[in-house]
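Now for the letters of each chain:
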Amino acid sequence: MAVPILKQGDYLIATIQSAMTDSEAVRLRDDLMRQIGVYRSRGVIVDITTLDVMDSFAARSLRTIAHMTQLRGADTVVVGMQPEVAFAMVQLGLDFEDVHTALDLEEGLAFLDVGTGG
Amino acid sequence: MTDSPESIRIPITTDADIVLARQSGRDMAEQMDCSATDATLLATAISEVARNIVTHGGGGEVVLRVVDAEGERAIEVVASDRGPGIADLSRAMQDGYSTGNGLGLGLPGARRLMDEFEVTSEVGVGTTVVMRMWRSR
(Lines give C-alpha, C1' and ligand atoms only; values in the text may rest on other atoms or scores of the structure.)
Protein backbone atom coordinates (compact mmCIF):
# COMPACT_ATOMS: atom_id res chain seq x y z
CA MET A 1 0.00 0.00 0.00
CA ALA A 2 1.37 3.39 -0.98
CA VAL A 3 1.91 6.00 1.71
CA PRO A 4 -0.93 8.53 1.33
CA ILE A 5 0.22 12.05 0.45
CA LEU A 6 -2.12 14.96 1.04
CA LYS A 7 -1.66 18.35 -0.61
CA GLN A 8 -2.32 21.15 1.85
CA GLY A 9 -1.68 24.58 0.33
CA ASP A 10 2.06 24.93 -0.31
CA TYR A 11 2.81 21.75 1.62
CA LEU A 12 2.64 18.00 1.14
CA ILE A 13 1.73 15.81 4.10
CA ALA A 14 2.71 12.14 3.97
CA THR A 15 1.29 9.87 6.65
CA ILE A 16 3.37 6.75 7.22
CA GLN A 17 1.66 3.59 8.45
CA SER A 18 3.12 1.19 11.01
CA ALA A 19 3.56 -1.60 8.48
CA MET A 20 5.59 0.41 5.96
CA THR A 21 7.86 -1.89 3.97
CA ASP A 22 11.23 -0.98 2.44
CA SER A 23 9.76 -0.78 -1.04
CA GLU A 24 6.96 1.50 0.19
CA ALA A 25 9.59 3.78 1.71
CA VAL A 26 11.38 3.98 -1.63
CA ARG A 27 8.10 4.63 -3.41
CA LEU A 28 7.28 7.41 -0.93
CA ARG A 29 10.57 9.09 -1.83
CA ASP A 30 9.79 8.92 -5.55
CA ASP A 31 6.17 10.06 -5.08
CA LEU A 32 7.24 13.05 -2.98
CA MET A 33 9.92 14.07 -5.45
CA ARG A 34 7.41 14.00 -8.29
CA GLN A 35 4.64 15.80 -6.42
CA ILE A 36 6.97 18.58 -5.25
CA GLY A 37 7.48 19.37 -8.93
CA VAL A 38 3.83 18.98 -9.89
CA TYR A 39 2.45 21.11 -7.04
CA ARG A 40 5.49 23.39 -6.60
CA SER A 41 5.43 22.53 -2.92
CA ARG A 42 7.62 24.48 -0.50
CA GLY A 43 7.37 22.15 2.43
CA VAL A 44 6.89 18.49 3.23
CA ILE A 45 5.67 16.96 6.45
CA VAL A 46 6.28 13.27 7.05
CA ASP A 47 4.01 12.15 9.86
CA ILE A 48 5.37 9.06 11.64
CA THR A 49 2.92 9.10 14.56
CA THR A 50 1.76 5.54 13.89
CA LEU A 51 5.18 4.19 12.87
CA ASP A 52 6.15 1.73 15.61
CA VAL A 53 9.58 0.68 14.33
CA MET A 54 12.27 2.98 12.97
CA ASP A 55 15.09 0.70 11.85
CA SER A 56 18.21 1.69 9.97
CA PHE A 57 16.56 1.38 6.55
CA ALA A 58 13.56 3.53 7.46
CA ALA A 59 15.82 6.14 9.06
CA ARG A 60 18.05 6.22 6.02
CA SER A 61 15.01 6.57 3.76
CA LEU A 62 13.68 9.54 5.73
CA ARG A 63 17.07 11.23 5.73
CA THR A 64 17.34 10.74 1.99
CA ILE A 65 13.86 12.21 1.52
CA ALA A 66 14.76 15.22 3.66
CA HIS A 67 17.98 15.86 1.74
CA MET A 68 16.42 15.36 -1.68
CA THR A 69 13.43 17.61 -0.99
CA GLN A 70 15.81 20.29 0.23
CA LEU A 71 17.70 20.10 -3.05
CA ARG A 72 14.36 20.54 -4.81
CA GLY A 73 13.63 23.66 -2.78
CA ALA A 74 11.25 22.24 -0.19
CA ASP A 75 11.90 21.84 3.54
CA THR A 76 10.97 18.54 5.12
CA VAL A 77 10.00 18.10 8.74
CA VAL A 78 9.43 14.71 10.36
CA VAL A 79 6.70 14.83 13.00
CA GLY A 80 5.13 12.57 15.60
CA MET A 81 7.96 10.26 16.62
CA GLN A 82 6.82 8.13 19.55
CA PRO A 83 9.03 8.12 22.69
CA GLU A 84 9.72 4.37 22.39
CA VAL A 85 10.79 4.81 18.79
CA ALA A 86 13.11 7.66 19.76
CA PHE A 87 14.65 5.47 22.47
CA ALA A 88 15.17 2.57 20.07
CA MET A 89 16.79 4.90 17.53
CA VAL A 90 19.27 6.15 20.11
CA GLN A 91 20.08 2.59 21.21
CA LEU A 92 20.52 1.53 17.61
CA GLY A 93 22.96 4.39 17.02
CA LEU A 94 20.79 6.30 14.55
CA ASP A 95 20.47 10.05 14.53
CA PHE A 96 18.44 12.65 12.69
CA GLU A 97 20.77 15.53 13.40
CA ASP A 98 20.46 16.90 9.88
CA VAL A 99 16.69 16.33 9.64
CA HIS A 100 14.12 18.77 11.00
CA THR A 101 11.77 17.17 13.51
CA ALA A 102 8.76 18.46 15.42
CA LEU A 103 6.50 17.07 18.11
CA ASP A 104 3.35 16.78 16.05
CA LEU A 105 1.60 17.95 12.90
CA GLU A 106 0.69 21.32 14.39
CA GLU A 107 4.29 22.08 15.38
CA GLY A 108 5.50 20.84 12.01
CA LEU A 109 3.17 23.20 10.16
CA ALA A 110 4.28 26.08 12.40
CA PHE A 111 7.91 25.26 11.61
CA LEU A 112 7.28 25.30 7.86
CA ASP A 113 5.27 28.53 8.08
CA VAL A 114 8.24 30.29 9.70
CA GLY A 115 10.69 28.89 7.15
CA THR A 116 8.61 29.72 4.08
CA GLY A 117 7.14 32.98 5.31
CA GLY A 118 3.73 31.39 4.73
CA MET B 1 15.80 -24.21 31.12
CA THR B 2 12.60 -25.47 29.54
CA ASP B 3 11.14 -24.43 26.29
CA SER B 4 7.72 -22.95 26.11
CA PRO B 5 5.67 -24.84 23.56
CA GLU B 6 4.71 -21.81 21.60
CA SER B 7 7.12 -20.80 18.92
CA ILE B 8 6.47 -18.87 15.76
CA ARG B 9 8.36 -19.48 12.53
CA ILE B 10 8.28 -16.77 9.90
CA PRO B 11 9.82 -17.53 6.49
CA ILE B 12 11.71 -14.45 5.25
CA THR B 13 12.07 -13.73 1.55
CA THR B 14 10.70 -10.23 0.89
CA ASP B 15 10.54 -6.88 2.64
CA ALA B 16 6.91 -7.58 3.57
CA ASP B 17 8.16 -10.57 5.59
CA ILE B 18 10.42 -8.20 7.58
CA VAL B 19 7.32 -6.29 8.69
CA LEU B 20 5.50 -9.55 9.52
CA ALA B 21 8.44 -10.78 11.62
CA ARG B 22 8.72 -7.60 13.66
CA GLN B 23 4.97 -7.42 14.21
CA SER B 24 5.02 -11.03 15.45
CA GLY B 25 7.82 -10.11 17.85
CA ARG B 26 5.87 -7.14 19.13
CA ASP B 27 2.78 -9.32 19.64
CA MET B 28 4.83 -11.85 21.59
CA ALA B 29 6.35 -9.10 23.77
CA GLU B 30 2.91 -7.71 24.50
CA GLN B 31 1.61 -11.16 25.43
CA MET B 32 4.48 -11.38 27.91
CA ASP B 33 3.48 -8.02 29.38
CA CYS B 34 6.72 -6.39 28.29
CA SER B 35 6.74 -2.59 28.38
CA ALA B 36 5.99 -0.65 25.21
CA THR B 37 9.65 0.33 25.12
CA ASP B 38 10.88 -3.27 25.30
CA ALA B 39 8.39 -4.33 22.63
CA THR B 40 9.73 -1.57 20.37
CA LEU B 41 13.38 -2.47 21.03
CA LEU B 42 12.63 -6.12 20.22
CA ALA B 43 10.68 -5.28 17.06
CA THR B 44 13.47 -2.98 15.87
CA ALA B 45 16.15 -5.62 16.46
CA ILE B 46 14.07 -8.21 14.58
CA SER B 47 13.65 -5.77 11.72
CA GLU B 48 17.43 -5.36 11.42
CA VAL B 49 18.30 -9.07 11.44
CA ALA B 50 15.38 -9.94 9.14
CA ARG B 51 16.56 -7.33 6.67
CA ASN B 52 20.01 -8.90 6.65
CA ILE B 53 18.34 -12.16 5.61
CA VAL B 54 16.62 -10.44 2.67
CA THR B 55 19.58 -8.26 1.65
CA HIS B 56 22.49 -10.66 2.12
CA GLY B 57 21.11 -14.09 2.89
CA GLY B 58 18.89 -14.66 -0.12
CA GLY B 59 16.04 -15.68 2.17
CA GLY B 60 15.76 -17.64 5.37
CA GLU B 61 13.62 -17.60 8.46
CA VAL B 62 13.03 -15.97 11.82
CA VAL B 63 11.89 -18.19 14.70
CA LEU B 64 10.50 -16.56 17.83
CA ARG B 65 9.93 -18.39 21.09
CA VAL B 66 9.66 -17.86 24.80
CA VAL B 67 12.44 -19.37 26.91
CA ASP B 68 12.01 -19.95 30.66
CA ALA B 69 14.82 -19.99 33.19
CA GLU B 70 14.69 -19.71 36.98
CA GLY B 71 12.44 -16.78 37.66
CA GLU B 72 13.11 -15.21 34.30
CA ARG B 73 11.73 -15.44 30.83
CA ALA B 74 13.23 -14.42 27.55
CA ILE B 75 12.00 -13.90 24.09
CA GLU B 76 14.47 -15.65 21.84
CA VAL B 77 14.91 -14.71 18.22
CA VAL B 78 16.75 -17.05 15.87
CA ALA B 79 17.34 -15.54 12.44
CA SER B 80 18.99 -17.84 9.94
CA ASP B 81 19.75 -17.89 6.26
CA ARG B 82 21.54 -20.16 3.81
CA GLY B 83 23.29 -17.28 2.11
CA PRO B 84 26.96 -16.78 1.31
CA GLY B 85 27.91 -16.32 4.96
CA ILE B 86 30.03 -13.57 6.47
CA ALA B 87 33.76 -13.94 5.85
CA ASP B 88 34.84 -11.39 8.47
CA LEU B 89 32.43 -11.50 11.41
CA SER B 90 34.33 -9.08 13.62
CA ARG B 91 34.21 -6.54 10.82
CA ALA B 92 30.49 -7.12 10.26
CA MET B 93 29.94 -6.32 13.94
CA GLN B 94 31.58 -2.90 13.58
CA ASP B 95 29.42 0.18 13.27
CA GLY B 96 29.39 1.60 9.80
CA TYR B 97 30.66 -1.48 8.01
CA SER B 98 28.26 -2.34 5.21
CA THR B 99 28.37 -4.35 2.04
CA GLY B 100 24.70 -3.69 1.32
CA ASN B 101 22.85 -0.43 0.94
CA GLY B 102 22.28 0.21 4.62
CA LEU B 103 24.06 2.25 7.23
CA GLY B 104 26.09 -0.69 8.46
CA LEU B 105 24.20 -0.60 11.75
CA GLY B 106 22.25 -3.83 11.29
CA LEU B 107 24.13 -6.38 13.39
CA PRO B 108 25.91 -4.07 15.86
CA GLY B 109 22.68 -2.08 16.26
CA ALA B 110 20.60 -5.18 16.96
CA ARG B 111 23.19 -6.27 19.54
CA ARG B 112 22.74 -3.00 21.41
CA LEU B 113 18.97 -3.43 21.48
CA MET B 114 19.00 -6.92 22.99
CA ASP B 115 20.37 -8.48 26.19
CA GLU B 116 22.11 -11.40 24.51
CA PHE B 117 23.41 -11.61 20.98
CA GLU B 118 25.40 -14.28 19.17
CA VAL B 119 26.16 -14.57 15.51
CA THR B 120 27.66 -17.58 13.79
CA SER B 121 28.47 -17.75 10.13
CA GLU B 122 30.16 -20.10 7.74
CA VAL B 123 31.15 -19.03 4.25
CA GLY B 124 29.07 -20.91 1.70
CA VAL B 125 26.71 -22.30 4.35
CA GLY B 126 24.89 -19.37 5.91
CA THR B 127 24.51 -17.13 8.92
CA THR B 128 22.57 -17.57 12.14
CA VAL B 129 21.84 -14.85 14.69
CA VAL B 130 20.51 -15.83 18.12
CA MET B 131 19.40 -12.99 20.37
CA ARG B 132 17.40 -12.82 23.58
CA MET B 133 15.61 -10.22 25.63
CA TRP B 134 15.34 -11.30 29.30
CA ARG B 135 12.65 -10.11 31.64
CA SER B 136 12.05 -11.11 35.25
CA ARG B 137 8.52 -12.25 35.93
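What counts and how
- Residues numbered from 1 in each chain as written.
- Chains lettered and ligands numbered in written order.
- Predicted model: local features only at pLDDT ≥ 70, side-chain atom pairs only at ≥ 80, totals over all residues.
- Heavy atoms only, no water.
- Buried < 20%, exposed > 50% of the residue type's maximum accessible area, 1.4 Å probe, protein only.
- Helix = DSSP H or I, 4+ residues; strand = E, 2+ residues; numbered from the N terminus.
- Arc of directions from axis to C-beta.
- Contact = heavy atoms within 4.5 Å.
- 1 Å grid on protein atoms, 1.4 Å probe; cavity = no way out; pocket = protein on both sides within 12 Å on 5 of 7 lines; lining within 4 Å.
- Points joined across faces, edges and corners; volume = space filled by probe spheres on them.
- Nonpolar A, V, L, I, M, F, W, Y, C, P; charged D, E, K, R; others polar.
- Axes fitted to C-alpha atoms, helices over the stretch in contact; angles between N-to-C directions.
- Parallel < 35°, antiparallel > 145°, perpendicular 65-115°, else oblique.

Chemist: Is there a simple way to explain helix α3 (residues 83–92) of chain A in this structure?
Modeler: Side chains of residues three or four places apart in an α-helix project in the same direction, reflecting 3.6 residues per turn. Among the residues of α3(A), those classed as buried are V85(A), A88(A), M89(A) and L92(A). The arc enclosing the buried residues of α3(A), seen along the axis, measures out at 105°, which places them on a common side. Away from the buried face of α3(A) by more than 90 degrees, exposed residues P83(A) and V90(A) are located. For α3(A), the secondary structure elements touched by its buried residues are α2 (56–71) of chain A together with α2 (36–55) and α4 (106–113) of chain B. Looking one or two places after α3(A), you find G93(A), whose phi comes out positive at around 95°.

Chemist: What exactly am I supposed to notice about empty space enclosed by the protein here?
Modeler: Any empty space left between atoms is shown by rolling a water-sized probe over those atoms. All names here are of chain A. Across all of its chains, the model carries one cavity of 30 Å³ or more by this definition. Approximately 60 Å³ is the volume attributed to the largest cavity. Those elements that provide at least two residues to the lining of the largest cavity are α1 (22–39) and α2. Here the residues of the lining of the largest cavity are counted per class, giving six nonpolar, one polar and four charged.

Chemist: Looking at this structure, I do not really get α4(B). What am I missing?
Modeler: Most of α4(B) is tucked away: six of the eight residues are buried. Buried residues belonging to α4(B) abut α3 of chain A together with α2, α3 (89–92), β4 (116–122) and β5 (126–136) of chain B.

Chemist: Help me understand the packing of α1(A) against α2(A), please; the structure alone is not making it clear to me.
Modeler: In a pair of packed helices, the angle between the axes and the distance between the axes together describe the arrangement. Residue and element names in this part refer to chain A. Taken N-terminus to C-terminus, the directions of α1 and α2 make an angle of 10°; their axes are 10 Å apart at the nearest point. Between α1 and α2, the angle falls in the class roughly parallel. Within the contact between the two elements, α1 uses D22, A25, V26, L28, R29, L32, M33 and I36 and α2 uses F57, S61, T64, I65, M68 and T69. Grouping the amino acids of the contact of α1 with α2 by side-chain chemistry returns nine nonpolar, three polar and two charged.

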